[in-house]
Amino acid sequence: MKESWSSLDTLETNFRPLVVIELAKGTKEETIEWFTKRIVDKKANGGAQLLIKPLVTENGDENIYLVGASHLRLLLGAETVGLVKECNDNSMRAFTYSSRKTFKDFADDNQNFLTMSECQYIIKHELENLRAKDEKMIPGYPQAKLYPGKSIVRRLLTNGILVQIFPLHDREELKKLRHTWYGQVKIGYQPLDEIRCYFGETIALYFGFLEYFTFALIPMAVIGIPYYVFAWEDYDKYVMFATFNLLWSTVILEVWKRICAVMTYRWGTLLMKRQFEEPRPGFHGVLGINPVTGREEPVYSSIKRQLRIYLVSVPFVCLCLYFSLYVMMIYFNLEQWALDYHEENKSSFSSLMLYVPSIIYAVVIEIMNRIYRYAAEFLTSWENHRLESSYQNHLILKVLVFNFLNCFASLFYIAFVLFDMKLLRQSLATLLITSQILNQFAESLLPYWLQKRHMKKMKKRMHSLKMDTDLSLVEQVNSEKEMGTYFGTFDDYLELFLQFGYVSLFSCVYPLAAVFAVLNNITEIYSDALKMCRVYKRPFAEPTANIGVWQLAFETMSVISVVTNCILIGMSPQVNALFPDSKMDLILTVALVEHLLLAIKFVMAFVIPDKPRDIQIKLAKLEFESLEALKKQPEWTACGRDAVESCARIQTKSLLFTL
């Protein structure tokens with residue numbers, strides 16, 4: 001018997017709280033009644049058909065609500081969001097309720113078929129898709145306007161009625177994960193499958209990439225140590241090291257694609273079909289009709305958006321870049337002052353003063369990066385992008401351009417304008433080490449100390465109220481709602497991207513960069529694990545098949561590193577001595593070597609497949625089976641059959657070529 005949304009019973013005896021909704025204190029009763037009714041209403045009536053209960057506290061406040069769902073509701077929701085699960089024949093397929101018996105470990109009484117993070121993701125999806133129907137405003141708040149299709153949750157958040165929505169931790173599972181993840185210092189792989197089950201694919205992929213990148217840096221670190229110790233000034237000896245570095249950067253990025261494909265296939269996200277992307281919750285405009293879907297949704301002129309981008313955002317970014325260069329010139333004035341001071345005094349103190357300008361500049365860079373990040377987020381939101389993917393692409397582009405110039409402009413200036421290799425080594429080392437220390441302190445140590453201090457105060461308050469110090473549900477919710485919010489992997493990937501730049505752009509000048517990167521990343525794994533488990537609220541899981549636009553960012557950095565290293569080697573006295581009569585021959589030789597290395601990089605990127613052969617075969621098999629099943633449908637026409645068979649033949653030829 002096929003289940004439908006209308007047949008779902010919203011009452012369940014074993015209520016399992018999964019998500020917490022915190023409303024503002026003093027929220028009007030009619031607003032609460034309307035909002036909770038929309039959450040429990042049937043899908044046919046525009047509701048989410050979920051379960052909701054108030055969290056009754058000691059002081060009687062009822063501004064916190066717990067949201068759950070029946071087992072049947074979650075299964076139907078899994079089909080709606082397109083979750084992919086493993087079948088009894090070990091293949092991966094999109095879950096459907098009608099074929100639920102064919103999936104591994106499924107049983108009607110098995111409440112653990114869906115992981116807790118998957119259940120929370122389904123609830124988040126349903127809450128975010130609560131849309132206004134005929135309401136003109138939020139009941140009780142005439143200023144909070146609504147129109148058909150407007151996201152109710154977004155409107156409640158922007159008007160301060162809804163404080164936050166977050167998923168609950170599973171205390172027992174978190175305790176097990178902490179023990180296997182960072183509870184003991186050991187050399188080994190992270191429990192990525194367990195991390196994925198608890199936090200979702202996006203966070204698991206970040207930790208997988210961090211671990212992979214750390215192991216990939218070890219050969220560079222091992223080779224760099226003897227170069228640093230025995231051949232510091234002989235730049236011609238760095239040709240082999242720089243060449244290895246350039247080929248290494250290509251290989252590790254291509255191999256990562258393959259490892260990523262294996263992991264995401266096992267997790268099911270490689271096969272997830274992306275539904276037609278709906279407008280992001282922050283998108284606003286005049287209500288109109290989408291010409292593609294025919295649905296009512298906000299419409300905003302693309303011309304207005306382009307004007308905002310080119311007349312406001314672009315000039316603002318250029319102004320920030322100019323300010324960054326201005327600060328850089330101040331740094332060089334400080335460097336000159338420190339050098340003059342050292343020349344006059346020749347003391348141990350004056351030697352230490354040589355590093356002060358670089359340290360100050362590194363701190364200023366971090367401060368500027370963080371301030372600019374907030375400005376970039378505000379501007380990108382103000383541009384009013386319709387899709388979340390478009391919003392993220394414009395935000396990442398703004399941040400990467402500024403961070404690249406802010407962090408590396410001084411190094412390029414020292415290398416290619418001042419031609420001071422000693423100062424370049426000193427500045428690179430100082431910037432790299434200082435930025436790593438600051439990031440570790442700001443991202444992990446400081447939040448952990450603040451959170452621990454808050455927990456001590458809360459336990460004292462509970463003890464003074466003679467409450468049970470064991471974390472009951474009420475205490476768990478009260479403690480977790482005060483935790484910081486994890487805003488995603490953006491800053492974590494950005495830190496790795498800048499680190500990759502420090503390691504690859506000037507590798508022939510400072511081979512020890514890879515050594516410091518390895519040491520930092522080892523501590524980063526533990527500190528990031530600590531902050532995910534102890535410092536921040538549990539984030540909602542987000543299915544993903546790869547690291548997205550960051551893959552392109554790393555590949556672009558590796559291409560730039562080819563150019564910089566070739567020029568640096570060409571500038572060395574030893575290489576210049578080979579062309580005493582003609583500088584043009586030197587320039588042509590460097591350009592030829594650079595083009596040759598770039599050609600080798602692109603050939604390697606083309607030759608190494610993005611997916612292993614067995615994954616390609618499994619994907620092709622699933623595509624073939626879905627086409628065969630589609631052809632058996634009664635409404636299948638001859639025209640449609642011929643078109644799909646033609647498409648299938650093209651895909652098969654493409655697969656055979658890659659295999």
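Here the structure is a predicted model, which means the values were calculated and not measured.

## Thoughts on the nonpolar core
Item 1. Ranked by internal contacts, the top residues of the largest apolar core, which has 106 residues, are W181, F199, L424, F497, F506 and W550.
Item 2. Considering each element in turn, this core owes the most residues, 14 residues, to helix α7 (residues 201-230).
Item 3. Non-local contacts of W550, meaning those with residues more than four positions away in its chain, are made with I396, L400, F490, Y493, L494 and F497.
Item 4. Counting residues in each nonpolar core, the second largest holds 52 residues, with I32, L127, A144 and L622 among its members.

## Here we look at the UniProt feature "transmembrane region" (unreviewed entry) in the chain
Item 1. When the UniProt feature table is mapped to this numbering, "transmembrane region" (unreviewed entry) covers residues 212-232, 238-256, 309-332, 352-372, 395-416, 496-519 and 586-608.
Item 2. Note that residues 309-332 is 100% helix and 0% strand, and that its end C-alpha atoms are spaced 33 Å apart.

## Points about the pattern of salt bridges
Item 1. According to the stated counting rule, one finds 26 salt bridges in the structure shown.
Item 2. Of the charged contacts, one joins R373 and D491 as a salt bridge, the two residues approaching to 2.2 Å between their closest N and O atoms. One end of the pair, R373, is in helix α11 (residues 356-382); the other, D491, is in helix α15 (residues 490-505), and 118 residues separate them in sequence.
Item 3. The class for R373 is buried, based on a relative accessible area of 13%.
Item 4. Taking relative accessible area as the criterion, D491 reaches 37% and is therefore assigned partly exposed.
Item 5. One network of salt bridges, in which partners are shared, links K85, E118, R196 and E201.

## Quick word on the packing of α15 against helix α17 (residues 549-571)
Item 1. With their axes 9 Å apart at the nearest point, α15 and α17 run at an angle of 20° to one another. The angle between the axes of α15 and α17 places the two elements in the roughly parallel class. The two elements α15 and α17 cross, and the hand of that crossing is right-handed. Side by side, α15 and α17 meet where F490, Y493, L494, L496, F497, F500, G501, S504 and L505 of the first sit next to W550, A553, F554, M557, S558, I560, S561, T564, N565 and L568 of the second.
Item 2. Partitioning the contact of α15 with α17 into residue classes produces 13 nonpolar, 6 polar and no charged.

Cut-off values and rules
- Note that residues are indexed from 1 along each chain, following the sequence as it is written.
- Only residues with pLDDT of at least 70 are given local features in this predicted model, and only at 80 or more are side-chain atom pairs given and counted; all residues enter the totals for whole chains, interfaces and linings.
- In computing side-chain properties, one takes all heavy atoms of the structure into account and sets aside hydrogens as well as water.
- Among buried residues, the Ala, Val, Leu, Ile, Met, Phe, Trp, Tyr and Cys ones that are joined through side-chain atoms within 4.5 Å form a nonpolar core.
- Per-residue accessibility, obtained with a 1.4 Å probe over protein chains only, is compared with the maximum for each type, and a residue is labelled buried under 20%, exposed over 50%, and partly exposed between these values.
- Strands here are runs of E lasting at least two residues and helices are runs of H or I lasting at least four, both read from the DSSP assignment and numbered beginning at the N terminus.
- By the convention used here, residues are in contact when the closest approach between their heavy atoms is within 4.5 Å.
- UniProt positions are given in the numbering used here, feature names are shortened, and annotations may be inferred rather than shown by experiment.
- What counts as a salt bridge is simple: a side-chain nitrogen of Lys or Arg found within 4 Å of a carboxyl oxygen of Asp or Glu.
- In this analysis, axes come from line fits to C-alpha atoms, helices being fitted only over the stretch in contact, and the angle between any two N-to-C directions falls in the range 0 to 180 degrees.
- Angle categories are assigned with fixed cut-offs, so that under 35 degrees is roughly parallel, over 145 is roughly antiparallel, 65 to 115 is roughly perpendicular, and the rest are oblique.
- Here is the rule for handedness: rotate from the far helix to the near one, and if that takes an anticlockwise turn smaller than a right angle the crossing is left-handed, while a clockwise turn gives right-handed.
- For this classification, Asp, Glu, Lys and Arg are treated as charged, while Ala, Val, Leu, Ile, Met, Phe, Trp, Tyr, Cys and Pro are nonpolar and the rest, including Gly, are polar.

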